[in-house]
Amino acid sequence: GDPWTARVEGDKIIGRGCEDNQQGMISSLLAAKAFKDAGIEPRLSYGVVLVSDEETGNALGAGYVVKTQKDLFRKSDLIIIPDAGNPKGTMLEVAEKSILWIKFHTKGKQTHGSTPDKGANAHKASCYMVSRLDSLYKKFGKKSAIFDPPMSTFEPTKKEANVPNVN
């Protein structure tokens, strides 16, 4: 199906991002339920805030909640973001780096492979461009232990068909 459209099939929700943070969200809600079911009142207040867009700058996610709901959090609150970590639970992710998607189009002139001098190979040009992405690691080489990985990444992640879909 269309990956950009969420849909329900049986007891599953299918679409982009449906699985991204399910474990963290569900474990947070189950912890709250376990406290309630067991009659345990934690020493600290327990709350769950579910927001979106953590990987694209939090403009409408956590950042929005913090800016618009100033009375929701106190400076003394312990805030846990169950997004990433390690099996021992000793590392907690405290920030996302943000995201920038860039789409490149290469143009060429089709010709037979035996006569490359009569055309311009768009695929070869795009391969050259992709191989040059590695130079960005030198230009933007700052590292910070607060991130995992500790540096910016520049990776090609999608190649679209060179023939448009004409349904």
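Residues numbered from 1 in each chain as written. Predicted model: local features only at pLDDT ≥ 70, side-chain atom pairs only at ≥ 80, totals over all residues. Heavy atoms only, no water.

Moving on, we get to the overall build of the protein chain. Secondary structure summary: the protein chain contains four helices and two strands in total. Counting all 167 residues of the protein chain, 5% fall into the buried class. A separation of at least 24 residues holds for 30% of the contacts in the protein chain among residues at least 6 apart in sequence. On the protein chain, roughly 14900 Å² of surface is accessible, and the fraction owed to carbon and sulfur atoms is 57%. (Helix = DSSP H or I, 4+ residues; strand = E, 2+ residues; numbered from the N terminus. Buried < 20%, exposed > 50% of the residue type's maximum accessible area, 1.4 Å probe, protein only. Contact = heavy atoms within 4.5 Å. Areas by Shrake-Rupley, 256 points an atom, 1.4 Å probe, with all protein chains shown as cover.)

Together, Met25, Ile26, Leu29, Leu30, Tyr46, Val48 and Leu50 make up a nonpolar patch on the protein surface, roughly 610 Å² of accessible area in all. Structurally, Leu30 is set in helix 1 (residues 22-38). (Patch = residues over 30% accessible without salt bridge, like charges linked within 9 Å, V, L, I, M, F, W, Y side chains within 5 Å. Salt bridge = Lys/Arg side-chain N within 4 Å of Asp/Glu carboxyl O.)

So, about the packing of aromatic side chains. Counted by the stated rule, this structure contains three aromatic pairs. When the ring of Phe35 is compared with that of Tyr46, the centres are 5.5 Å apart and the planes differ by 75°; the resulting orientation is edge-to-face. Taken together, the residues span a long stretch of sequence, with Phe35 in helix 1 and Tyr46 in the loop between helix 1 and helix 2 (62-68) at a distance of 11 residues. Using a relative accessible area of 27% as the deciding quantity, one classes Phe35 as partly exposed. In this structure Tyr46 comes out as partly exposed when scored by relative accessible area, which is 39%. A ring pair is formed by Tyr137 and Phe154, whose centres lie 5.3 Å apart and whose planes are at 85°; its orientation type is edge-to-face. Here Phe154 lies in the segment after helix 4 (135-139) and Tyr137 lies in helix 4, a separation of 17 residues in the sequence. (Phe/Tyr/Trp six-rings, centres within 6.5 Å; stacked < 30°, edge-to-face > 60°.)

Attention now moves to the pattern of salt bridges. Counting across every chain of the model gives two salt bridges. Its salt-bridge partner being Asp37, residue Lys33 comes within 2.6 Å of it at the nearest N-O pair. Placement of both Lys33 and Asp37 in helix 1 is noted, with a separation of four residues, approximately one turn of the helix.

Here we come to the environment of Gly108. Within the secondary structure layout, Gly108 lies in the loop between helix 2 and helix 3 (122-132). Each C-alpha atom of the pair Gly108 and Ala120 lies 4.6 Å from the other, and the pair is 12 residues apart in sequence.

Taken over all residues, the pLDDT of the protein chain has a mean of 79, while the share at 70 or more is 75%. Taking the mean pLDDT of every element in the protein chain, the minimum, 78, falls on strand 2 (residues 12-14) and the maximum, 92, on helix 4. (pLDDT = per-residue confidence, 0-100.)

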